[in-house]
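# Examination of the molecular architecture
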Amino acid sequence: MSKVVLITGCSSGLGISLAVHAAQAGHRVYATMRNLSKRGAPDDAAKAARVTVNVSQLDVQDSASVAACVDEVIRAEGQVDVLINNAGAGFVRSTEQASEDDINWVMDVNFMGVVRCTKALIAQFRERRAGHVITISSAGRLVGQLFNEIYCAAKFAVEGYMEAMSSYISPHFGINFTVVEPGGIASDFAANVMNHVEETGGMLDDEYLPILQKYVSGAQERAAGGDIYQTADEVAAIVMECMASDGPPLRTRTSKWGEAFCALKTDLDPDGKKLQQHVVDTFLS
Ligand code: NAP
């Protein structure tokens, strides 16, 4: 069945792959981005794949922009069936080194951005007793990683937000929630993180420096040799499977590496369904 799919953060990386894969699956796709001057990349990808992708402006940090985009899509299509919260930004600095402005920005993009977009659509989903909120989280939502405490906190927050809503909104109003937890995706993401470090004073010369240097150089080696990184297309294919499923997972890793890395937290309940039922049984039975 063709669905109306609204995706955030489609100027690059996974967002572009999600838009193309969704269009290839026959869905009506609204690929959104905060800066429309970057629409060339998704336009080119859609053209190469011979699919139609509608491009719209949406800044997840701006409620008015979110509302305007949702209105535009609902005017055109009558409804949205699937929201994919994909927009996100990484951040590598210790708490001591991070400014409060940086911390607020990371939380705003990665957490509040998800809340703003979900809030803009959830009433419409409830009225129709249908809808699917898919949020691209990270293995960093399950396993806190060095110098990533602010980013991981934002992704942990997203997970709690989605998990809590799924516990009562899914069983009562038929809306699905899925959190996708990639390990690494080959995209501009890591380079953007390091650019941000450079733009905000570089690696500071303090007691953390040797640990940070070891982490960063190790990351480059791991990216070159290992199986941490997937292509955006591989992750997008898994998101499409979730979208097509009648009983989508509450959470899913996207690679063997991610599964193994998170296993200490996920082995007992890989897709989160047992936990979801446990919460329902505890509070609503
Ligand atoms: P990416 O290429 O850097 O894409 C991030 C996207 O988010 C870009 O389109 C960016 O737009 C957008 N964005 C940032 N701030 C925004 C805002 N305020 N409003 C709207 N869009 C905004 O990285 P990616 O790998 O595709 O990341 C996609 C998702 O995967 C993110 O949620 C990320 O946390 C998650 N993830 C990535 C990795 C990885 O290793 N790459 C691993 C696990 C999870 P601009 O071009 O305007 O900045």
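Residues numbered from 1 in each chain as written. Predicted model: local features only at pLDDT ≥ 70, side-chain atom pairs only at ≥ 80, totals over all residues. Heavy atoms only, no water.

- In the nomenclature of an unreviewed UniProt entry, the chain corresponds to Short-chain dehydrogenase/reductase from the organism Tateyamaria omphalii.
- In its Sequence similarities (unreviewed entry) section, the UniProt entry covering the chain states "Belongs to the short-chain dehydrogenases/reductases (SDR) family." (UniProt positions renumbered as here; feature names shortened; annotations may be inferred.)

## Thoughts on the pairing of strand β1 (residues 4–7)
- Across the two faces of β1 the burial is the same, with Val4 and Leu6 and Val5 and Ile7 all buried.
- In this sheet, strand β2 (residues 28–33) lies alongside β1 in parallel orientation, the contact comprising four bridges. When the sheet's bridge partners are listed, valine 4 is paired in β2 with arginine 28.
- With respect to chirality, the unit in which β1 leads through helix α1 (residues 13–24) into the neighbouring parallel β2 is right-handed.
- Pairing geometry for β1 and strand β4 (residues 82–85), over three bridges, is parallel. Paired with valine 5 across the two strands is valine 82, which belongs to β4. (Buried < 20%, exposed > 50% of the residue type's maximum accessible area, 1.4 Å probe, protein only. Helix = DSSP H or I, 4+ residues; strand = E, 2+ residues; numbered from the N terminus. Pairing = 2+ DSSP bridges. Right-handed = clockwise from strand over helix to strand, strands pointing away.)

## Looking at the UniProt feature "domain: Ketoreductase" (unreviewed entry) in the chain
- Feature annotation in UniProt places "domain: Ketoreductase" (unreviewed entry) on residues 3–188, given in this structure's numbering.
- The span residues 3–188 carries 49% helix and 17% strand; its end-to-end C-alpha distance comes to 29 Å.

## A look at the pattern of salt bridges
- As enumerated under the stated definition, the model contains eleven salt bridges in all.
- The partner of arginine 128 in a salt bridge is aspartate 81, with the nearest N and O atoms 3.5 Å apart. Remark: aspartate 81 occurs in the loop between α3 (63–77) and β4 and arginine 128 occurs in helix α4 (residues 100–128); sequence separation between them is 47 residues.
- Look at arginine 128 and you get partly exposed, because its relative accessible area is 29%.
- Accessibility expressed as a relative area gives 10% for aspartate 81, which makes it buried.
- Here arginine 253 ties to glutamate 259 by a salt bridge, and the two come within 2.9 Å at their closest N and O atoms.
- Exposure remark for glutamate 259: the relative accessible area of 35% places this residue in the partly exposed category. (Salt bridge = Lys/Arg side-chain N within 4 Å of Asp/Glu carboxyl O.)

## So, the sheet that holds β1
- One open sheet holds the seven strands; their spatial order is β3-β2-β1-β4-β5-β6-β9, and the pairing between them is parallel. On the outer flanks of this sheet lie β3 (53–57) and β9 (251–253), each paired with one strand and no other. Shown here is a sheet whose adjacent strand axes are inclined to one another by a mean of 20°, direction ignored. (Axes fitted to C-alpha atoms, helices over the stretch in contact; angles between N-to-C directions.)

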